[in-house]
Amino acid sequence: MLAKRIIPCLDIKDGQTVKGTNFIHLRQAGDPVELGRIYSEQGADELVFLDITASHEERKTFTDLVKRVAENISIPFTVGGGINELSDVNRLLEAGADKVSINSSAIRHPHLIDEIAFHFGSQVCVVAIDARQTEAGWKCYLNGGRIETDKDLFSWATECNDRGAGEILFTSMNHDGVKNGYANDALAILSETLTIPVIASGGAGKPEHFRDTFEKGNADAALAASVFHFGEIKIPELKQYLCGCNINIRL
Amino acid sequence: MNVAIVKYNAGNICSVDYALRRLGVQVNVTADTEELRRADKIIFPGVGEAVNTMSYLRRTGLDTVIKSLKQPVLGICLGMQLLCNHSEEGNVDCLGIFDVEVKKFTPSCRKEKVPHMGWNTISHTNSPLFNGFDKDEFVYFVHSYYVPLCAYTIAETDYILPYSSALHKDNFYATQFHPEKSGSVGEQILKNFLNI
């Protein structure tokens, strides 16, 4: 049976790992390659590296980092941040990334999803969606949560699915950084509606939150950052706990 | 030991290259017939699409070279599928080492998502490729097409249906999963192949 995946996410700025709380304050949390290698040895199933600056000058630093990750780590990894066209995808795949994650650029140019799927295969194309629950429902955001759009989470996720995305990485901005659990109600709807895997993101604080997102949110994978980076949750212990809950996990 | 990776338009060549280098092996990524024939071990990787890849192999003559190899060869993912007779992906004739057809997964419900992507177990393993494992180990898969169980099956995986996750015939070995992305289990499988 296919295992549920545990995915540490490393936000990268100037070649270093950082993590924001509610998308604002950033704290330092170490060397990305070293952290990635440690996570891989501890049993992380995949890694995500997000270039949160993604300015033109810093692209090359990030591409070099992707290459060093690929050289040193023997599990799949996704990279995102500043991917606007096919040549960006090609550059990152050539550096050794397994998948790319697109977010704002997908909302601005939805056809990019079709193009990535056609040229490199659906499995390469992760669409990340940042959304906030408002009185008008779940709305998608651009630019790391800074700009609201009129796109509805569920219809946008379905469109991504139909255009050939391989996975949806859904971050609830209401839950992110709060450490009070994932947005399981919204995740359950996404898992039910979509034919591609859904990665839960935003809200992990305790091992029970991972159990709940797999059991109640039907997520295929759970992503977290600071709880792993600061050692609040250790991956081997988390995986033992989830196994004990009869969740299919790779040990 | 001289290990060659068949160089062609496949997506995961550098990942396989890095994985072998981590094992301390000298790797030659090449499309040169003589260099391939001289290698002690050959890896035929693959991420991509069957029709384009087969036409590339035919155009470059690599199809004939691969079929004529006598040393141990390891096909990975699309590399494994291309070693079979025929693929439903684009309805294309392949290299025909393994006399079996590559089929497309047909999900029977929404839970059965295609591609089969992520970590799944290999069971009923029956080959030196899997030396050192005493339980069903997890390895990493990404694929939408599969090889049914057949006379060459040396490992099986259950997703939508039980199918071949590894094959063996004479000097040809093949895995549907990616040993180069399967952590320490994958490293052991690559080491086992190098020791064949």
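Residues numbered from 1 in each chain as written. Chains lettered and ligands numbered in written order. Predicted model: local features only at pLDDT ≥ 70, side-chain atom pairs only at ≥ 80, totals over all residues. Heavy atoms only, no water.

Student: How would you sum up the overall build of chain B? Please name residues and give values.
Tutor: Each helix and strand in chain B was counted, giving six helices and 13 strands. Computed over the C-alpha atoms, the radius of gyration of chain B is 15 Å, within 12% of the 16 Å expected from 2.2 N^0.38 for a compact globule of 196 residues. Across the 196 residues in chain B, those meeting the buried criterion constitute 59%. Expressed as a percentage of contacts within chain B between residues at least 6 apart in sequence, the contacts between residues at least 24 apart total 69%. Summed over its atoms, the accessible surface of chain B is roughly 7700 Å², and 45% of this surface lies on carbon and sulfur atoms. Charge separation in chain B, taken as the distance between the mean sites of 19 positive and 21 negative side-chain charges, equals 4 Å. (Helix = DSSP H or I, 4+ residues; strand = E, 2+ residues; numbered from the N terminus. Rg over C-alpha atoms; globule rule 2.2 N^0.38 Å. Buried < 20%, exposed > 50% of the residue type's maximum accessible area, 1.4 Å probe, protein only. Contact = heavy atoms within 4.5 Å. Areas by Shrake-Rupley, 256 points an atom, 1.4 Å probe, with all protein chains shown as cover. Lys, Arg positive; Asp, Glu negative; His and termini not counted. Charge placed at Lys NZ, Arg CZ, Asp CG, Glu CD.)

Student: Describe the confidence of the model for chain A, listing the residues and the values that go with them.
Tutor: Of all residues in chain A, 94% attain a pLDDT of 70 or more, and the chain-wide mean is 91. Low confidence marks residues 20-26 of chain A, where pLDDT is under 50. Its contacts with residues over four positions away, or in another chain, come to 17 contacts. (pLDDT = per-residue confidence, 0-100.)

Student: Got a sec to walk through the pattern of salt bridges? Specific residues and values, please.
Tutor: Overall, the coordinates contain 20 salt bridges over all chains when judged by the stated rule. Measuring nitrogen to oxygen at the nearest pair gives 3.9 Å for the salt bridge that ties A:Lys216 to A:Asp212. The closest approach of N and O atoms between B:Arg21 and B:Asp17, which form a salt bridge, is 2.7 Å. On the criterion of helical spacing, the pair formed by B:Arg21 and B:Asp17 is a turn pair, its members being four residues apart in helix α1 (residues 13-22). (Salt bridge = Lys/Arg side-chain N within 4 Å of Asp/Glu carboxyl O.)

Student: Explain unusual backbone geometry to me, using residue names and the numbers behind them.
Tutor: Across the junction of B:Val114 and B:Pro115, the peptide omega takes the value 10°, indicating a cis bond. In this structure, B:Pro115 sits in the loop between β7 (98-104) and β8 (116-121). The phi torsion at A:Asn246 lies on the positive side, around 65°, for a residue other than glycine. Within the secondary structure layout, A:Asn246 lies in the segment after α10 (235-244). Even without glycine at this site, B:Cys77 takes up a positive phi of about 55°.

Student: Provide a residue-level description of the packing of aromatic side chains, including the pertinent values.
Tutor: Across all of its chains, the model carries 15 aromatic pairs over all chains by this definition. An angle of 35° between the planes, with centres 5.9 Å apart, marks the rings of A:Phe210 and A:Phe228 as tilted. Linking A:Phe210 in helix α8 (residues 207-215) with A:Phe228 in helix α9 (residues 226-229), this pair joins segments that are 18 residues apart in sequence. Centroid distance B:Phe105 to B:Tyr163: 5.5 Å. Interplanar angle 80°. Geometry classified as edge-to-face. (Phe/Tyr/Trp six-rings, centres within 6.5 Å; stacked < 30°, edge-to-face > 60°.)

Student: Break down the environment of B:Asn195 for me, citing the residues and quoting the values.
Tutor: Within the secondary structure, B:Asn195 is located in the segment after α6 (183-194). With 66 residues separating them along the chain, B:Asn195 and B:Leu129 place their C-alpha atoms 8.8 Å apart.

Student: Requested: an account of the nonpolar core, with residues and values cited.
Tutor: Proteins that are soluble and globular tend to have nonpolar side chains buried together. Residues A:Val127, A:Phe170, A:Phe210 and A:Phe228 are the most contacted members of the largest nonpolar core, which totals 77 residues. Examining the composition of this core, we find that five residues originate from one element, helix α2 (residues 59-72) of chain A, more than from any other. With sequence-adjacent residues up to four places away left out, A:Phe170 is seen in contact with A:Ile129, A:Ala131, A:Trp138, A:Leu153, A:Ala183, A:Ala186, A:Leu187, A:Leu190, A:Ile199, A:Ala200 and A:Ser201. Within the second largest apolar cluster, 65 residues are counted, among which are B:Ala4, B:Leu57, B:Ile66 and B:Leu69. (Core = buried A, V, L, I, M, F, W, Y, C linked by side-chain atoms within 4.5 Å.)

Student: So, the environment of A:Ser105: which residues are in play, and what are the values?
Tutor: Residues and elements named next belong to chain A. Of note, Ser105 is situated in helix α4 (residues 104-108). The spacing of Ser105 and Glu85 is 20 residues in sequence and 8.4 Å in space, taken between C-alpha atoms. Ignoring anything within four residues of it in the chain, the contact list for Ser105 reads Ile83, Asn84 and Leu112.

Student: Which residues make up α6(B), and what are the values?
Tutor: With twelve residues, α6(B) extends 17 Å between its outermost C-alpha atoms, agreeing within 8% with the 16 Å of an ideal straight helix rising 1.5 Å per residue. Along α6(B), the residues classified as buried are B:Gly183, B:Val185, B:Gly186, B:Ile189, B:Leu190, B:Asn192, B:Phe193 and B:Leu194. (Expected span 1.5 Å × (residues − 1).)

Student: Residue-level account of the interface of chain A and chain B, with values.
Tutor: How big an interface is tends to be stated in terms of the accessible area lost upon association of its parts. Taken together, the contacts link 36 residues of chain A with 26 residues of chain B. Between chain A and chain B lies a buried interface of about 2400 Å² when both sides are counted; carbon and sulfur atoms form 54% of it. Of all residues in chain A, A:Leu2, A:Ser74 and A:Arg250 bury the most surface against chain B, accounting for 25% of the area lost on that side. Our count for the chain A to chain B interface comes out at two salt bridges. Measuring nitrogen to oxygen at the nearest pair gives 2.9 Å for the salt bridge that ties A:Asp98 to B:Lys181. Broken down by secondary-structure element, the contributors of at least two residues to the side of chain A that touches chain B are α2, α3 (86-95) and α7 (184-193) of chain A. Top element by residues in the side of chain A that touches chain B is α2(A). It accounts for four residues. Classifying every residue of the side of chain A that touches chain B gives 14 nonpolar, ten polar and twelve charged. (Buried area = accessible area lost by both parts, 1.4 Å probe. Nonpolar A, V, L, I, M, F, W, Y, C, P; charged D, E, K, R; others polar.)

Student: Please give an account of the side chain of B:His116 that cites residues and values.
Tutor: Mapped onto the elements, B:His116 comes out in strand β8. Look at B:His116 and you get buried, because its relative accessible area is 0%. At 3.1 Å, the side chain of B:His116 forms a polar contact with the side chain of B:Asn120. Residue contacts for B:His116: discarding those within four places in its chain leaves A:Leu2, B:Phe105, B:Phe141, B:Val142, B:His143, B:Thr157, B:Tyr159 and B:Tyr163. (Polar contact = N/O pair within 3.5 Å; in protein donor to acceptor, adjacent residues only side chain to side chain.)

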